[in-house]
Amino acid sequence: MNFTLLAAACSLVTAFSAAAATPKPAPANVRVEVQIVAVPLAKAVELLPELRDPDSIDEAFTQIQEMLSSSEAKLIAWPELRTKSGQRAVTEDVEEMRYPSEYVEVSRSEHEPPPPKDASKRVDQDPMRPTAFATRNIGVTLEVEAVVLGDSATIDLQVAPQHVRFLGYESFDANPEAKGREAKLKQPRFYTTKTNTSLSLRSGQRVLLGSFVVPEPLDHIEFFILQAQLIPVEAPAAAEEHEGP
């Protein structure tokens, strides 16, 4: 008998038995949330060191919740989503804003009603005709791809939260005409705060993703505070046995 082959076969049987006996990790989804909050500048500067410290961020987060309750801070958005390990997920709270992006000049004869007698003082508010439009999403978007590691306690995240503001319209000179007449075009102004990063977190951990000095609210800093958590998938309850009459 070939004892080498026999020993190898026994080793394979032992390995398969050990693998079968090892309990598989329970299936779990990943819940990801990002609180986007605007904090007054002086208080935000005071909180920043605590928010950056893993040992004190939870206490700083509690302070921010108290500030929200007292209206000292402003909640911008709080997107949350759940996803399976290895799957990309997106949640949005946006308004689609459509605006002209390309124009063609309008001839003088096409303007109605006719210009006033003192045409030198006239300002054309819409001297150009739109020929193409663009769309911009105003609001908050959260994109996430989460992978649960083998220890069933650590989460690898690819995450991209974004906040787009509409700040109003800005006028531009377009083909100024003779005799002092002006042509004006209005274009929207946007302001974006965004973070796109990869990181590893333990389940339940919070982390400061970004801090931004924003144009509105004035003299505020906008924080992106992320938390990722494993949510076990509960097995369906066993059907109750019914006794016969």
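Residues numbered from 1 in each chain as written. Predicted model: local features only at pLDDT ≥ 70, side-chain atom pairs only at ≥ 80, totals over all residues. Heavy atoms only, no water.

Next up on the list: the overall build of the chain. Counting its secondary structure elements, the chain contains 3 helices and 11 strands. Its helices and strands in sequence order give the chain the pattern α-β-α-α-β-β-β-β-β-β-β-β-β-β, from N to C terminus. Within the chain, the proportion of its 245 residues that are buried is 32%. For the chain, contacts bridging at least 24 residues in sequence account for 71% of all contacts bridging at least 6. Put simply, the chain shows about 15,600 Å² of open surface, and 52% of that area lies on carbon and sulfur atoms. (Helix = DSSP H or I, 4+ residues; strand = E, 2+ residues; numbered from the N terminus. Buried < 20%, exposed > 50% of the residue type's maximum accessible area, 1.4 Å probe, protein only. Contact = heavy atoms within 4.5 Å. Areas by Shrake-Rupley, 256 points an atom, 1.4 Å probe, with all protein chains shown as cover.)

Another aspect to go through is the packing of aromatic side chains. Geometrically, a pair of aromatic rings is defined through the distance of the ring centres and the angle of the planes. Taken as a whole and judged by the stated rule, the model has 4 aromatic pairs. Here Tyr 99 and Phe 190 contribute two aromatic rings whose centre-to-centre distance is 5.7 Å and whose plane-to-plane angle is 50°, an arrangement assigned as tilted. A residue pair is termed long-range when its members are at least 10 positions apart, and Tyr 99 in strand β4 (residues 88-105) and Phe 190 in strand β8 (residues 182-194) qualify at 91 residues. Taking relative accessible area as the criterion, Tyr 99 reaches 15% and is therefore assigned buried. When the ring of Phe 166 is compared with that of Phe 190, the centres are 6.2 Å apart and the planes differ by 55°; the resulting orientation is tilted. Separated by 24 residues along the polypeptide, Phe 166 in strand β7 (residues 154-173) and Phe 190 in strand β8 bring together distant segments of the chain. According to the relative accessible area criterion, Phe 166 is partly exposed, its value standing at 30%. (Phe/Tyr/Trp six-rings, centres within 6.5 Å; stacked < 30°, edge-to-face > 60°.)

Take the pairing of strand β3 (residues 80-84) next. Residues Leu 81 and Thr 83 line the buried face of β3, whereas the alternating positions Glu 80, Arg 82 and Lys 84 sit on a face that is not buried. Strand direction decides the pairing type here: strand β1 (residues 28-40) and β3, joined by 5 bridges, are antiparallel. By the bridge assignment for β3, Asn 29 is matched with Lys 84. (Pairing = 2+ DSSP bridges.)

Below, the discussion takes up the environment of Leu 75. Counting through the fold element by element, Leu 75 comes out in strand β2 (residues 74-77). Relative accessible area serves as the criterion here: at 40%, Leu 75 is assigned to the partly exposed category. Counting along the chain gives 40 residues from Leu 75 to Gln 35, while the straight-line C-alpha distance between them is 7.8 Å.

This part is about the nonpolar core. One finds Val 32, Val 144, Ile 155, Leu 157, Val 159, Leu 226 and Ala 228 to be the most contacted residues of the largest nonpolar core, which totals 23 residues. Put simply, the parts of the chain that give this core at least two residues each are β1, β6 (128-148), β7, β9 (197-202), β10 (206-214) and β11 (220-232). The residues touching Ile 155, leaving out its near neighbours within four places in the chain, are Val 30, Ala 146, Val 147, Leu 199, Ser 200, Leu 201, Ser 203, Ala 228, Gln 229 and Leu 230. (Core = buried A, V, L, I, M, F, W, Y, C linked by side-chain atoms within 4.5 Å.)

At a minimum axis separation of 8 Å, helix α2 (residues 41-52) and helix α3 (residues 57-69) run at an interaxial angle of 150°. Overall, the two elements α2 and α3 adopt an arrangement that is roughly antiparallel. Of the residues in α3, those in contact with Lys 43, Leu 47, Glu 50 and Leu 51 of α2 are Ile 57, Ala 60, Phe 61, Gln 63, Ile 64 and Met 67. Tallied by class, residues from the contact of α2 with α3 come to 7 nonpolar, 1 polar and 2 charged. (Axes fitted to C-alpha atoms, helices over the stretch in contact; angles between N-to-C directions. Parallel < 35°, antiparallel > 145°, perpendicular 65-115°, else oblique. Nonpolar A, V, L, I, M, F, W, Y, C, P; charged D, E, K, R; others polar.)

This model, assessed by the stated rule, comprises 7 salt bridges. Each of Arg 31, Glu 33 and Glu 80 takes part in a single network of salt bridges with overlapping partners. (Salt bridge = Lys/Arg side-chain N within 4 Å of Asp/Glu carboxyl O.)

Mapped onto the secondary structure, Thr 154 falls in strand β7. At 2.7 Å, the side chain of Thr 154 forms a polar contact with the side chain of Asp 151. If sequence neighbours within four positions are ignored, Thr 154 has contacts with Val 147, Val 148, Leu 149, Ser 200, Leu 201 and Arg 202. (Polar contact = N/O pair within 3.5 Å; in protein donor to acceptor, adjacent residues only side chain to side chain.)

Another aspect to go through is the confidence of the model for the chain. For the chain, per-residue confidence averages 82 on the pLDDT scale, and residues scoring 70 or more make up 72% of the total. The model gives residues 18-23 a pLDDT under 50, and that stretch makes 0 contacts with residues more than four places away or in other chains. (pLDDT = per-residue confidence, 0-100.)

A few words on α3. Relative to the 18 Å expected for 13 residues at 1.5 Å per residue, α3 spans 18 Å between its end C-alpha atoms, a close match to the ideal helical length. Buried within α3 we find Ile 57, Ala 60, Phe 61, Ile 64, Gln 65 and Met 67. Taken down its axis, α3 places every buried residue within 160° of arc, on the same side. Seen from the buried face of α3, the exposed residues on the opposite side, beyond 90 degrees, are Glu 59, Glu 66 and Ser 69. On its buried side, α3 packs onto β1, α2, β10 and β11. (Expected span 1.5 Å × (residues − 1). Arc of directions from axis to C-beta.)

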